[in-house]
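For reference, the chains in residue letters:
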Amino acid sequence: LALSRASRPEERTEGSFLLQARFEPSVLRRLPLEERPGVRFAPEVAMFCFPHGVRLVNASVAAANAIPKVTSFVLTASDKSRMYGACIVWYEPLPDGVVQACVDEVMPECDGVERAAERALAGELHAPEAICLLSSAPIFEALNSCCRQLFRMRLSGGDPASTEYMLTEASLRPLLTTPLPDYGGRVDVPLGNVSIHVVIPPANELPHTMAGRDFLLLFECLDVSSVIVLWALLLAEQKVLLQARQTHVLTMAAESLCALLFPFSWQHVYIPILPASLLDILQAPVPFLIGIDEEVLGMAEQGGLVPDDVVQVDLDASSIVCDPDVARAIRLPQKQYHKLYKALAPFCRASGRQSQDTEGGAEGGDGGSVRGSS
């Protein structure tokens, strides 16, 4: 369990420093407090909870975003093992002392008068805070439900200054110690006044995924031709960049694509949500499957960090753009292509003319082919 909030500025901009400066998130507290055998706690979890970094907001912006947001992500270690996470993010008012410390850190070269003016201009400030859950299994539905319940438990804890306000290890012991069921099993985890259902599908069930109903998000975003094209591009070990406004859609789409590769598995770079601080990885000369949201994509395009050989998949617009040479190299056997098309069509969004004709559609004919746009 990690609680994250802004700690120190990453960059400084002109204008109202406090409202425009970007801060690096950090882990405030974790449970359990000690490392588990064979499981290393990843402090970088904070930047996946806040992939854009952290910015302070005024009271009106915080009120407009009063409903907490739940999202999910995947951490990949150097040994290719994965940790699956979910977090719930909301805005918390900052005490005056913390705001003043932010002013001092963002404006170190300014005198007391300028700092006081900035403090008065900023008014009441709020910072994003998060509760995050990590698991060695991709049980996203259960993780999301747990995050929402933990937030409710936090709200019912009373005065934020009291010790009862904090989520304690004792109150979360069932969540932290209940083992996952075997394949095809189910377990109920007591959490506060509710029980969270954790279901593991049978090992022989295909597609092999624990994403639950969110597995279908990929098919709701893309038409059947685009899904087959994308699947073929991954089998050919291309560089694939998923784009969407909602980060949860990126994670679920990436997980669904990995499941569709069965009996193969994706062995290359895998980052369903790319934090802004890791943008340089788009320049890596290796295959990857990476997800990027609208704001971070803007940073990447502004910095010229998206190479020409990257396949760009816009999940919101249902389009695929890739290098023409890459498109021509993707050919699928005619019979198998049509069989796969027929099986997937009931689950996919209706085909759009643009995605079929100009941006990476697949066709049967003399074996399936992919057309690219440069």
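Everything numeric here is computed off the predicted structure, so don't read it as measured data.

What counts, and at which threshold
- Residues numbered from 1 in each chain as written.
- Predicted model: local features only at pLDDT ≥ 70, side-chain atom pairs only at ≥ 80, totals over all residues.
- Heavy atoms only, no water.
- Helix = DSSP H or I, 4+ residues; strand = E, 2+ residues; numbered from the N terminus.
- Buried < 20%, exposed > 50% of the residue type's maximum accessible area, 1.4 Å probe, protein only.
- Polar contact = N/O pair within 3.5 Å; in protein donor to acceptor, adjacent residues only side chain to side chain.
- Contact = heavy atoms within 4.5 Å.
- Expected span 1.5 Å × (residues − 1).
- Salt bridge = Lys/Arg side-chain N within 4 Å of Asp/Glu carboxyl O.
- Phe/Tyr/Trp six-rings, centres within 6.5 Å; stacked < 30°, edge-to-face > 60°.
- Lys NZ or Arg CZ within 6 Å of the ring centre and 35° of its normal.
- Core = buried A, V, L, I, M, F, W, Y, C linked by side-chain atoms within 4.5 Å.
- Pairing = 2+ DSSP bridges.
- Axes fitted to C-alpha atoms, helices over the stretch in contact; angles between N-to-C directions.
- Parallel < 35°, antiparallel > 145°, perpendicular 65-115°, else oblique.
- Left-handed = near helix turned anticlockwise from the far one by under 90°.
- Nonpolar A, V, L, I, M, F, W, Y, C, P; charged D, E, K, R; others polar.

**Some points on unusual backbone geometry**
Right, on to step 1. Of note, the amide linkage connecting L31 to P32 takes the cis form, showing an omega dihedral of -10°.
Right, on to step 2. Looking at where P32 falls in the secondary structure, it is placed in the loop between β2 (22–30) and α2 (45–49).
Right, on to step 3. With omega at 15°, the peptide bond leading from F262 into P263 counts as cis.
Right, on to step 4. With respect to the helices and strands, the residue P263 is situated in the loop between α10 (247–260) and β10 (269–271).
Right, on to step 5. Located in the positive-phi region is E237, a residue other than glycine, with phi close to 60°.
Right, on to step 6. Not every positive phi belongs to a glycine, and S318 is a case in point at roughly 55°.
Right, on to step 7. Checked against the element boundaries, S318 lands in the loop between β12 (310–314) and β13 (319–321).

**Quick notes on the side chain of T247**
Right, on to step 1. With respect to the helices, strands and loops of the structure, T247 is situated in helix α10.
Right, on to step 2. The buried category is assigned to T247, whose relative accessible area is 17%.
Right, on to step 3. A distance of 2.6 Å separates the side chain of T247 from the side chain of T71, its partner in a polar contact.
Right, on to step 4. Ignoring any residue separated from it by four or fewer positions in sequence, one finds T247 in contact with T71, S72, I273 and D293.

**Structural notes on helix α9 (residues 224–235)**
Right, on to step 1. With twelve residues, α9 ought to run about 16 Å at 1.5 Å a step, and its terminal C-alpha atoms sit 17 Å apart, in line with that.
Right, on to step 2. Burial runs high along α9: ten of the twelve residues are buried.
Right, on to step 3. Residues of α9 that are buried include every one of V224, S225, S226, V227, I228, V229, L230, A232, L233 and L234, and no others.
Right, on to step 4. The N-cap of α9, judged by a side-chain oxygen 3.1 Å from the amide nitrogen of S225 a few residues on, is D223.
Right, on to step 5. At the C-terminal side of α9, E237 shows a positive phi close to 60°.

**A few points about the pattern of salt bridges**
Right, on to step 1. Per the stated rule, a full pass over the model turns up five salt bridges.
Right, on to step 2. Its salt-bridge partner being D188, residue R186 comes within 3.3 Å of it at the nearest N-O pair.
Right, on to step 3. Residue class for D188 comes out partly exposed when judged on its relative accessible area of 38%.
Right, on to step 4. Across the pair K239 and D309 runs a salt bridge whose closest N-O atoms are separated by 3.1 Å. In this pair, K239 sits in strand β9 (residues 239–244) while D309 sits in the loop between α11 (294–302) and β12, placing the two residues 70 residues apart along the sequence.
Right, on to step 5. The exposure class assigned to K239 is buried, which follows from its relative accessible area of 13%.

**With respect to the packing of aromatic side chains**
Two numbers describe a pair of aromatic rings. These are the distance of the centres and the angle of the planes.
Right, on to step 1. Here the structure, examined in full by the defined rule, presents five aromatic pairs.
Right, on to step 2. Geometrically, the ring pair formed by Y84 and F140 is edge-to-face, given 5.8 Å between the ring centres and 85° between the ring planes. A residue pair is termed long-range when its members are at least 10 positions apart, and Y84 in strand β5 (residues 82–93) and F140 in helix α6 (residues 140–155) qualify at 56 residues.
Right, on to step 3. Both rings, one in Y337 and one in Y341, keep their centres 6.0 Å apart while their planes meet at 50°; by these two values the pair is tilted. Placement of both Y337 and Y341 in helix α13 (residues 334–344) is noted, with a separation of four residues, approximately one turn of the helix.
Right, on to step 4. Of note, R30 hangs over the ring of F41, and the distance from its end group to the ring centre comes to 4.5 Å.

**Comments concerning the nonpolar core**
Right, on to step 1. In this structure, L222, L230, V240, L242, L289, V313 and L315 are the most contacted members of the largest nonpolar core, which totals 45 residues.
Right, on to step 2. Residue assignment for this core shows that the elements contributing at least two residues are α8 (217–221), α9, β9, α10, β12, α12 (324–329) and α13.
Right, on to step 3. Each residue touching V240, except ones within four places of it in the same chain, is listed here: L230, L234, F288, L289, I290, V311 and V313.
Right, on to step 4. Of all hydrophobic cores here, the second largest spans 44 residues; its members include F48, C49, L56 and F73.

**Some thoughts on the environment of A59**
Right, on to step 1. Residue placement: A59 occurs in helix α3 (residues 59–64).
Right, on to step 2. C-alpha of A59 to C-alpha of H126: the two residues are 67 residues apart in sequence and 6.6 Å apart in space.
Right, on to step 3. Not counting residues within four places of it along the chain, the set of residues in contact with A59 comprises E124 and H126.

**Remarks on the sheet that holds strand β11 (residues 288–293)**
The strands making up a sheet are joined through hydrogen bonds of the backbone, oriented either antiparallel or parallel.
Right, on to step 1. Read across the sheet, five strands follow the order β10-β11-β9-β12-β13 without closing on themselves; strand pairing throughout is mixed. Of all the strands in the sheet, just β10 and β13 have a single pairing partner and so form its edges. Put simply, the sheet's adjacent strands are angled 20° from each other on average, direction ignored.
Right, on to step 2. The pairing of β10 with β11 spans three bridges and is parallel. What sits directly across from I271, in β11, is I290.
Right, on to step 3. Strand contacts of α11: β9, β11 and β12, with the helix running at about 110° to β11, the strand carrying the most contacts.

**Side note on the packing of helix α4 (residues 96–106) against helix α5 (residues 112–122)**
Right, on to step 1. The geometry of α4 relative to α5 is characterised by a closest axis approach of 10 Å and an angle of 130° between their N-to-C directions. Judged by the angle between their axes, α4 and α5 are oblique. Two packed elements cross with a definite hand, and for α4 against α5 that hand is right-handed. Only R115, E118 and R119 of α5 make contact with α4, whose side of the interface consists of D96, V99, Q100, V103 and D104.
Right, on to step 2. Within the contact of α4 with α5, the residues separate by chemical class into two nonpolar, one polar and five charged.

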